[in-house]
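# Descriptive structure summary
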Amino acid sequence: MTFPSFNLYRLLLLPLLASAIVSRASSTDIVVGSPSPIKILSLGAELDPHFFSQNVTRADGVKASDWDSVIVRRIQSLKLKSLRMMVLPQWFEPVNDNDNPFTTDTSRLTFNSPEMQSLYKQLDMAQKLGIHVNLTLWGAHISHFLSGHNRGNWVVAPYDYQEWAENFSILIRHLLLTKHYTCIREITPVNEPDWSFIIDGKRAPVSEYIEMCRILDQRFRADNIRHLVRFSLSDNSDGGSGTHEFLAACTRHLGQEADIFNSHTYLFGYETPDSVIFKWEKANVSLAQSVGKLHFIGEFGSNQCLGATRQADINRFERGILMARIIINCLNAGAAGLSYWSLIDQYYGKDEGYDAMQQLGLWKSVRKMYQGDSLYQHLITDYEVRPQYHAYALLTTHINEGAEVYPLTTNNDFCAATAIKNPDGHWVYAFANGSETDMDIRIKNPYAVQKNRFKVYSYTRHSLPANDALIAPHTKSIKPTSSLRYRIPANSVILLVQE
Ligand SMILES: [Ca+2]
């Protein structure tokens, strides 16, 4: 048999292709049901305060003026509602002030250290922009008196919970009562204590963390600052297996001390169905709700972790869709919000080698920092945004504090959907379609006063701005009486925003 001529082949093939495309689209009727009882607190990001103390001070070309011209400007355009910030005890109490945790010798404190100055710059910005801050006292550094003889990680459990509580109280009294940073709304003692609360070289039982939290709570009450900050407790990692054990123990024993609970996740990837993400967060939310508290996602990223500083998919377009799927599923399950790890690429220590540089940012740092890394040899500008910047921006700029969540389901377990009613009454329909299938959706919303015009924001592979400009919308008009129809393309994040 001879092969058909090109034209004949094309004539035969075209209808096949067309029908293939049509059959690839899946049609879904969506009726907006009842809202989740939990209103959104914030969508935010991690911004550990090392820019001025550890990055400007290196010889890689990071300038102090980049803070305002790049970082603060982008935080403003992203409209981030919260920032989580690391603090270390030695920044302001390098040596024990004295041996009595109930009497503080203020002459031994270093509130003007470079690390504290770097923190103030961030707090100044948060204060000015109305951004709520969580301060996480990361742990006791092994070179610091608070670690005692504990070893086994760069930060470990404090050897003395009264001294630890004094240290944290000193910090909060200074920042809130002396420096009047009312942007600080929340504190977390110890990052990921489920593995990092290390005593005598071993992961301590959860009872140790619980005891520390209770002593901290008592100290803050005694110092009359407890009412000034929420305690966000547990702060557990996912343990690599989605375990809820640590959070369960914390909700059981710290229901009185905690104002809110939070967990981190790096469990979910491109192969993870929406239902798995939803169920994981639903279990967290249920545990917190069992003692009348909210649950928040204190850190999240993908599961393609290469150590603590890299994830293999970080520069991929598809990553933006995955991050949006994680957010939508967690909000649908009742999360009070999420904080992305982390806002910027940066060094945590000015003398660290390249492998230690955090590279999970919504954008990159200056070009010179990546010199010699083949992954980044084509960088054109400093502070280039990653594709996920644009996807996250769609959600952070259109979902406001106090918004109501109306969970939606599609018939595709890789296409997450939610309806958000913002406090001003405007509805936002968000879709994150990580599948290869176009989704024809038709939405009926009995709660909404139907509007005829929507703005459509599309995160698709070929529609992203070339720079850090936010995705611009186009307007879609619909007939006043009909339901809202839209084709959600394969591999996209789409927001339909009521005008
Ligand atoms: Ca002390």
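Calculation notes
- In every chain, residue numbers begin from 1 and rise along the written sequence.
- Confidence filtering applies because this is a predicted model: local features only for residues at pLDDT of at least 70, side-chain atom pairs given and counted only at 80 or more, and all residues used for totals across whole chains, interfaces and linings.
- A helix here means a DSSP run of H or I that spans at least four residues, while a strand means a run of E at least two residues long, and both kinds are numbered starting from the N terminus.
- Backbone-placed C-beta atoms define the burial measure: a residue is buried with 20 or more other C-beta atoms within 10 Å of its own, exposed with 12 or fewer, and partly exposed in between.
- We call two residues in contact when the distance between their C-beta atoms, placed using the backbone, is within 7 Å.
- To define a nonpolar core, we join buried Ala, Val, Leu, Ile, Met, Phe, Trp, Tyr and Cys residues through C-beta atoms within 7 Å and take the resulting set.
- How far each domain reaches was decided by an automatic or database domain assignment.
- Under the scheme applied, nonpolar residues are Ala, Val, Leu, Ile, Met, Phe, Trp, Tyr, Cys and Pro; charged residues are Asp, Glu, Lys and Arg; polar residues are all the others, including Gly.
- Here, expected helix span is obtained from the residue count minus one, scaled by 1.5 Å.
- The directions considered for the arc run from the helix axis to the C-beta atoms.
- Here, strands pair whenever DSSP counts at least two bridges between them.
- Between the N-to-C directions of two axes lies an angle of 0 to 180 degrees, each axis being a line fitted to C-alpha atoms and, for a helix, fitted only over the stretch in contact.

### Here's the deal with the overall build of the chain
A count of helices and strands for the chain gives 11 helices and 23 strands. Principal axes of the C-alpha set define a box for the chain whose edges measure 90 × 50 × 45 Å. Evaluated residue by residue, the chain yields a buried proportion of 46% over its 499 residues. Counting contacts in the chain only where the partners sit at least 6 residues apart, residues at least 24 apart contribute 74% of the total.

### As for unusual backbone geometry
In the segment running from W341 into S342, the intervening peptide bond is cis, with an omega of -10 degrees. Here S342 lies in the loop between β15 (337–340) and α11 (387–398). We note that S234 has phi near 85 degrees; this positive angle belongs to a residue other than glycine. By the element assignment, S234 lies in strand β10 (residues 230–236). Positive phi, normally seen in glycine, also occurs at D235, with a value near 50 degrees. Looking at the secondary structure, you find D235 in strand β10.

### Considering the nonpolar core
Core analysis: the biggest nonpolar cluster contains 129 residues, and A324, I327, C330, A335, A430, F431 and V493 have the highest contact counts within it. Take this core: its biggest share by element is 10 residues, from helix α10 (residues 317–333). Each of domain 1 (25–37 + 404–498) and domain 2 (42–398) accounts for three or more of the residues forming this core. When neighbours within four sequence positions are excluded, A324 is seen to be in contact with A391, L395, A432 and V493.

### Things to note about the domain arrangement of the chain
Here the chain is partitioned into domain 1 (25–37 + 404–498) and domain 2 (42–398). Relative placement of domain 1 and domain 2: their C-alpha centres are 31 Å apart. Put simply, the parts of the chain that give the side of domain 1 that touches domain 2 at least two residues each are β16 (404–408), β17 (415–421), β18 (427–433), β20 (453–459) and β23 (492–498). Considering only residue class, the side of domain 1 that touches domain 2 consists of 17 nonpolar, six polar and three charged.

### So, helix α7 (residues 206–222)
With 17 residues, α7 should cover 24 Å at 1.5 Å per step; its first-to-last C-alpha distance of 25 Å lies within 8% of that length. Along α7, the residues that are buried comprise V206, Y209, M212, C213, L216, R219 and F220. For α7, the buried positions fall inside an angular range of 145 degrees around the axis, keeping them on one side. Among the exposed residues of α7, those oriented more than 90 degrees off its buried face are S207, R221 and A222.

### Digging into the sheet that holds β16
Ordered by their spatial adjacency, six strands build an open sheet running β16-β17-β18-β23-β20-β21, and the pairing between neighbours is antiparallel. Sheet topology places β16 and β21 (474–477) at the edges, where each strand pairs with a single neighbour. Neighbour to neighbour, the strand axes of the sheet diverge by 25 degrees on average, direction disregarded. Looking at chain direction, β16 and β17 are connected through five bridges and run antiparallel. Each bridged residue has a counterpart across the sheet, and for Y406 the counterpart in β17 is A419. Each of β16, β17, β18, β20 and β23 is contacted by α10, which is oriented at about 55 degrees to β17, the strand it contacts most.

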